[in-house]
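Each chain is listed here by its residues.
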Amino acid sequence: MTLDSNIFNIGDYSSDGNIVNNVVDSSNYGEVFLVGAGPGDPELLTIRALRLLQSADVVVYDALVSEDVMALVHEGTEQIYVGKTRANHTLPQDEINTLLIKLALQGCNVVRLKGGDPFIFGRGGEEIETLAAWGIPFQVVPGISAANGVSSYAGIPLTHRDYAQSVLYTTGHLKDGTVNLDWAALTRPHQTVVIYMGLGGLAEICNNMIAHGQSPDLPAAVVQQGTTKNQKVVIGTLATLSNLVIAAQLKSPCLIIVGEVVKLREKLAWFEPKDISAVADKLESRDLNLPTNSDTETYILNTIGY
Ligand code: SAH
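Residues numbered from 1 in each chain as written. Predicted model: local features only at pLDDT ≥ 70, side-chain atom pairs only at ≥ 80, totals over all residues.

Moving on, we get to the overall build of the protein. Looking only at helices and strands, the protein has eleven helices and ten strands in total. Residue pairs at least 24 apart in sequence account for 72% of intrachain contacts in the protein once pairs closer than 6 positions are excluded. (Helix = DSSP H or I, 4+ residues; strand = E, 2+ residues; numbered from the N terminus. Contact = placed C-beta atoms within 7 Å.)

As structure tokens, then:
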């Protein structure tokens with residue numbers, strides 16, 4: 001598939017604000033697959049995600065997608081990076097939406113690859129809303145979100161009958177320099193709190209949780225680049241975590257986990273960051289026999305020994 005060279009001139013709008021569209025026959029539209037890449041370890045991709053990475057015409061990806069996952073994209077497939085550049089500039093969301101539409105109008109089958117799960121703090125909804133408005137066919141392929149993948153590789157079960165009966169996912173993103181979260185909800189007992197995008201606001205988050213009645217001794221963890229060879233885990237309490245993280249010089253992306261379950265890591269830590277395919281390595285290596293859509297069922301039956 002050869003891309004129209006004009007594709008990179010994003011944002012050709014007509015006077016009524018619509019994108020200029022030369023391809024009008026909707027039967028020629030390509031399809032957009034909004035695909036979750038998981039938290040980093042390529043072995044955590046779904047079979048469906050891997051199959052799409054091997055068959056798409058174009059892969060549009062951003063900074064959270066690990067290099068190891070990108071290495072699985074079929075050789076020769078067009079790859080378009082829309083994450084932060086060295087100048088720290090991210091392609092604005094509406095330009096990404098426009099790019100996806102233009103590619104689909106050209107008849108390309110596009111994988112829009114996002115870190116973790118596209119529907120968890122991934123703006124996946126916004127991207128497919130625009131596609132839906134244009135009548136462009138799309139599918140969503142879920143991925144393992146950071147909360148699930150990173151906590152597993154850090155040896156921290158998010159629920160445990162003795163410690164936590166519920167889990168709350170929240171963003172810790174700073175808005176106007178302050179972290180404006182629902183502190184009453186975040187400080188309920190017998191609950192694990194998972195905070196995405198919270199590294200910059202960590203001190204403020206911990207202080208607010210204490211101010212809203214949580215014990216300063218409540219265990220808390222920050223996991224850097226979980227599931228990858230760069231995984232680092234810092235364990236502390238609400239009172240100590242922020243200084244420990246500064247001392248450890250952690251880098252993004254980092255996930256914060258707060259709750260009694262954090263202390264289980266002492267017994268349950270299993271992942272050695274160098275050991276990237278810890279599970280698969282111990283299994284006998286076989287040729288990867290990826291299914292096509294039509295024979296997925298046969299493949300699964302064969303795999304489980306029927
Ligand atoms: N859609 C993604 C989240 C996007 S928001 C998902 O489902 O995982 C980006 C935030 O996710 C980061 O700031 C960080 O808090 C978290 N994150 C994603 N990958 C991570 C990883 N490998 N290790 C630690 N945190 C991660």
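On to the sheet that holds strand 3 (residues 78–81), then. Read across the open sheet, the five strands follow the order 3-2-4-1-5; overall the sheet is parallel. Taken across any chain shown, the strands that pair with only one partner, and hence form the sheet edges, are strand 3 and strand 5 (138–141). The mean inter-strand angle of the sheet, taken between neighbouring strand axes irrespective of direction, is 20 degrees. As paired strands, strand 2 (residues 58–61) and strand 3 are joined by four bridges and run parallel to one another. Residue pairing in the sheet places Val58 in a bridge with Glu78 of strand 3. Against the sheet, helix 1 (residues 47–55) contacts strand 1 (32–36), strand 2, strand 4 (110–114) and strand 5, and its axis sits at roughly 130 degrees relative to strand 1. Sheet strands touched by helix 3 (residues 93–105): strand 1, strand 2 and strand 4. Its angle to strand 4, the strand with the most contacts, is close to 155 degrees. (Pairing = 2+ DSSP bridges. Axes fitted to C-alpha atoms, helices over the stretch in contact; angles between N-to-C directions.)

Moving on to the packing of helix 7 (residues 202–211) against helix 8 (residues 241–248). In contact at an axis separation of 9 Å, helix 7 and helix 8 are set at 165 degrees when each is read in the N-to-C sense. It follows from the interaxial angle that helix 7 and helix 8 lie roughly antiparallel. As for the relative orientation of helix 7 and helix 8, their crossing is right-handed in sense. Here Leu202, Ala203 and Cys206 of helix 7 come into contact with helix 8, specifically with Leu241, Ser242 and Val245. For the contact of helix 7 with helix 8, the residue count by class is five nonpolar, one polar and no charged. (Parallel < 35°, antiparallel > 145°, perpendicular 65-115°, else oblique. Left-handed = near helix turned anticlockwise from the far one by under 90°. Nonpolar A, V, L, I, M, F, W, Y, C, P; charged D, E, K, R; others polar.)

This next bit is on the site of the ligand. Inspection of the region around the ligand gives 23 residues, with Gly116, Gly122, Ser145, Ala146 and Gly226 positioned closest. Counting only elements with at least two residues in the shell around the ligand, the list comes to helix 5 (146–153) and strand 10 (254–258). For the shell around the ligand, a count of residues per class yields twelve nonpolar, nine polar and two charged. (Near = placed C-beta within 6 Å.)

Turning our eyes to something else, we now look at the sheet that holds strand 7 (residues 191–196). Across the sheet, five strands lie side by side as 6-7-10-8-9; this open sheet has mixed pairing. The sheet is open, and its two borders are formed by strand 6 (166–171) and strand 9 (232–237), each paired with just one other strand. Shown here is a sheet whose adjacent strand axes are inclined to one another by a mean of 20 degrees, direction ignored. Bridging between strand 8 (residues 219–224) and strand 9 involves six bridges; their strand directions are antiparallel.

The next point concerns the packing of helix 3 against helix 4 (residues 124–133). Remark: helix 3 packs on helix 4, axes separated minimally by 10 Å, with the N-to-C direction vectors making an angle of 45 degrees. The angle between helix 3 and helix 4 falls in the class oblique. With respect to the hand of their crossing, helix 3 and helix 4 are arranged in right-handed fashion. The residues of helix 4 that touch helix 3, namely those facing Gln93, Ile96, Asn97, Leu100 and Ile101, are Glu126, Glu127, Thr130 and Leu131. Broken down by class, the residue content of the contact of helix 3 with helix 4 amounts to four nonpolar, three polar and two charged.

This brings us to the environment of Cys254. Tracing the sequence through the fold places Cys254 in strand 10. For Cys254 and Val222, which are 32 residues apart along the polypeptide, the C-alpha to C-alpha distance reads 6.4 Å. Excluding residues that lie within four positions of it along the chain, Cys254 makes contacts with Leu199, Val222, Val223 and Gln224.

Okay, unusual backbone geometry next. Pro253 follows Ser252 through a cis peptide bond whose omega is -5 degrees. Looking at the element boundaries, Pro253 is found in the loop between helix 8 and strand 10. Phi is positive for Phe121, which is not a glycine, with a value near 45 degrees. Along the chain, Phe121 falls in the loop between strand 4 and helix 4. The partly exposed category is assigned to Phe121, around which 19 C-beta atoms lie within 10 Å. (Buried ≥ 20, exposed ≤ 12 C-beta atoms within 10 Å, placed from the backbone.)

Now for helix 5. In terms of burial, helix 5 is a largely internal element, six of the eight residues being buried. Within helix 5 the residues assigned to the buried category are Ala146, Ala147, Gly149, Val150, Ser151 and Tyr153. The inward-facing, buried residues of helix 5 contact strand 6, strand 7, strand 8 and strand 10. Count one or two residues on from helix 5 and you reach Gly155, which has phi positive near 70 degrees.

A separate point is helix 1. One full turn of an α-helix is made of 3.6 residues, so residues set three or four places apart face in the same direction. Inspection of helix 1 places Ala49, Leu52 and Leu53 among the buried residues, and these make up the whole buried set. Along the axis of helix 1, the buried positions cluster into a sector of 100 degrees, meaning they face one direction only. Contacts from the buried residues of helix 1 go to strand 1, strand 2, strand 4 and strand 5. (Arc of directions from axis to C-beta.)

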